[in-house]
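Spelled out from the first residue to the last, the chains are:
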Amino acid sequence: MFFIIMQSLLNNPLFRPPAEADSLILQIDEGCPYNRCTFCGMYRETHFRKKSFEEIRMIIEQESVYDQGVKRVFLADGDVMRRSYEDLQLILVELAQHLPMLARVNVYATGNSIIAKTDAQLRSLRSLKLSTLYMGLESGDEATLRNIEKAETVKVMIEACRRAQECRLKMSVMFLLGIGGVTRWQNHADATAFALNNMQPRLLSALRFVPVPGTELFEDVKAGRFPQLTEYDIVQELRTIVSLLDLNNTVFRANHASNVVPIEARLPRDKSKLLANLDEMMASGALDRYSPGAMPLWL
Ligand code: SF4
């Protein structure tokens, strides 16, 4: 997933996508109900808890006293879409009642939590101002997904994305550069582009895999069981994926601190320019061909 760390009042880390910087963040769950992806350290220390509707109602009431002009809300934490349709409906109605200017409510979602809703339910949630679903594809390569213990198959995530968009929800999909490692990078690149072409997400983000202490994949990197791609290889992988993308109308960003090269592009309009920039970077000799290079200290 794509995230920025904040600190909640209870000292649990609170994550939100960078694009939600101007949104009111309401933590209606604590942690991730799955919490088993081997690369993800976001909620490792957080015991998952679904807040009761009473608690949520009080949070909404308190926040609405401070600012009646809120237009955007992000509901945290890990997979809010996993709540039942009835729960989500109640929460969205409550938000609309207290925030008269509210235009959009955005959440993290997973393939399984999206396809668990019927089309009628997705449309109904959309009509109640649910807007963008942030979903981590991570990889289109099934073997890579199994290696990192992702709960969903590629097929489920493609179906989730297509159905949500058919029901007028906006999908923001994230993939992870380097997550296939040295052995599966080509499969990861080919299959990720294939999955994305089938998804046609309106918003797309790329992050680079960074080993996070406390995760299984961090231990694998440390023990030499998962050799990381070099900085050069990461850019080559990104170039391969971009070259295979056939997207109709997508905003593509790779401007997270983990990325080797910051990117902001509209596809297909900027594809040739983007490929030329990546070629130039690979030919410049500036990229580290022997190690992953500098990594951010946080994620
Ligand atoms: S589902 Fe998302 S938040 Fe939960 S462990 Fe996997 S990547 Fe992390």
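Refer to the structure presented above.
Residues numbered from 1 in each chain as written. Predicted model: local features only at pLDDT ≥ 70, side-chain atom pairs only at ≥ 80, totals over all residues. Heavy atoms only, no water.

Peer 1: Even after reading the chapter, I still don't get the overall build of the protein chain, so can you show me in this structure?
Peer 2: In terms of regular secondary structure, the protein chain is built from ten helices and twelve strands. Based on the C-alpha atoms only, the size of the protein chain along its principal axes is roughly 55 × 40 × 30 Å. Within the span of the protein chain, comprising 299 residues, buried residues form 53% of the whole. Of all intrachain contacts in the protein chain linking residues separated by at least 6 positions in sequence, the fraction that spans at least 24 positions is 75%. With the model as given, the accessible surface of the protein chain reaches about 13,500 Å², and the carbon-plus-sulfur share is 52%. Charged side chains in the protein chain number 35 positive and 36 negative. The centres of these two groups are separated by 4 Å. (Helix = DSSP H or I, 4+ residues; strand = E, 2+ residues; numbered from the N terminus. Buried < 20%, exposed > 50% of the residue type's maximum accessible area, 1.4 Å probe, protein only. Contact = heavy atoms within 4.5 Å. Areas by Shrake-Rupley, 256 points an atom, 1.4 Å probe, with all protein chains shown as cover. Lys, Arg positive; Asp, Glu negative; His and termini not counted. Charge placed at Lys NZ, Arg CZ, Asp CG, Glu CD.)

Peer 1: Explanation requested: the packing of helix α7 (residues 181-199) against helix α9 (residues 231-244) in the structure shown.
Peer 2: Any two packed helices are characterised by how steeply their axes cross, that is the angle between the axes, and by the distance between the axes. Their axes nearest at 9 Å, the elements α7 and α9 cross at an angle of 35°. Here the hand of the crossing between α7 and α9 comes out right-handed. Residue-level contacts link Trp185, Gln186, His188, Ala189, Asp190, Thr192, Ala193 and Asn197 of α7 to Gln236, Glu237, Thr240, Ile241 and Leu244 of α9. When its residues are assigned to classes, the contact of α7 with α9 shows five nonpolar, six polar and two charged. (Axes fitted to C-alpha atoms, helices over the stretch in contact; angles between N-to-C directions. Left-handed = near helix turned anticlockwise from the far one by under 90°. Nonpolar A, V, L, I, M, F, W, Y, C, P; charged D, E, K, R; others polar.)

Peer 1: Even after reading the chapter, I still don't get the pairing of strand β3 (residues 24-27), so can you show me in this structure?
Peer 2: On a regular strand, one side chain projects to one face of the sheet and the next to the other, so that they alternate. Alternating residues of β3 divide into Leu24 and Leu26 and Ile25 and Gln27, and every residue in both groups is buried. Summarising the sheet, β3 and strand β6 (residues 72-76) pair through four bridges and their orientation is parallel. Each residue of the ladder has a partner; that of Leu24, found in β6, is Val73. (Pairing = 2+ DSSP bridges.)

Peer 1: Would you take a moment to explain the pattern of salt bridges for this structure?
Peer 2: It is possible for side chains bearing opposite charge to pair when their charged atoms get close. For the structure on display, the rule yields 19 salt bridges. In this structure, Arg49 engages Glu55 in a salt bridge whose closest nitrogen and oxygen atoms are separated by 2.9 Å. The shortest N-O distance in the salt bridge between Asp141 and Arg184 comes to 2.6 Å. Of this pair, Asp141 sits in the loop between β8 (130-138) and α5 (142-147) while Arg184 sits in helix α7, placing them 43 residues apart in sequence. Among the residues examined, Asp141 registers a relative accessible area of 7% and is labelled buried. Note on Arg184: relative accessible area 23%, which makes it partly exposed. (Salt bridge = Lys/Arg side-chain N within 4 Å of Asp/Glu carboxyl O.)

Peer 1: Honestly, the sheet that holds β6 in this entry has me stumped. Any pointers?
Peer 2: Strand order in the open sheet formed by eight strands is β3-β6-β7-β8-β9-β10-β11-β12, and the pairing between neighbours is mixed. Across the chains shown, the open sheet's two edge strands, defined by having one partner strand only, are β3 and β12 (263-267). Across the sheet, the mean angle from the axis of one strand to that of its neighbour is 20°, orientation sign disregarded. Here three bridges tie strand β10 (residues 203-208) to strand β11 (residues 250-254), and the two strands are oriented parallel to one another. Directly across from Leu203, in β11, lies its bridge partner Val251. Sheet contacts for helix α6 (residues 154-166): β8 and β9 (170-177); angle to β8, the most-contacted strand, approximately 165°.

Peer 1: Help me understand the nonpolar core, please; the structure alone is not making it clear to me.
Peer 2: Inside soluble globular proteins, nonpolar side chains tend to come together where they are buried. Ranked by size, the top nonpolar core spans 88 residues in total, and within it Val73, Leu75, Met81, Leu95, Ile114, Leu133 and Phe252 carry the most contacts. In this structure, Phe252 is in contact with Phe175, Leu204, Ser205, Ala206, Leu238, Val242, Ile263, Glu264, Ala265, Leu267 and Leu274, ignoring residues within four places of it in sequence. (Core = buried A, V, L, I, M, F, W, Y, C linked by side-chain atoms within 4.5 Å.)

Peer 1: Would you explain unusual backbone geometry in this entry?
Peer 2: Only a minority of non-glycine residues have a phi that is not negative, and only a minority of peptide bonds are not trans. Omega for the bond connecting Ala76 with Asp77 falls within 30 degrees of zero, at 15°, which places this linkage in the cis form. With respect to the helices, strands and loops of the structure, Asp77 is situated in the loop between β6 and α2 (85-98). Omega for the bond connecting Leu267 with Pro268 falls within 30 degrees of zero, at 15°, which places this linkage in the cis form. Within the element layout of this structure, Pro268 appears in the loop between β12 and α10 (271-283).

Peer 1: Teacher, can you tell me more about the environment of Asp233 here?
Peer 2: For Asp233, the location among the structural elements is in helix α9. Spatially, the C-alpha atom of Asp233 lies 31 Å from that of Lys170, the residues being 63 residues apart in sequence.

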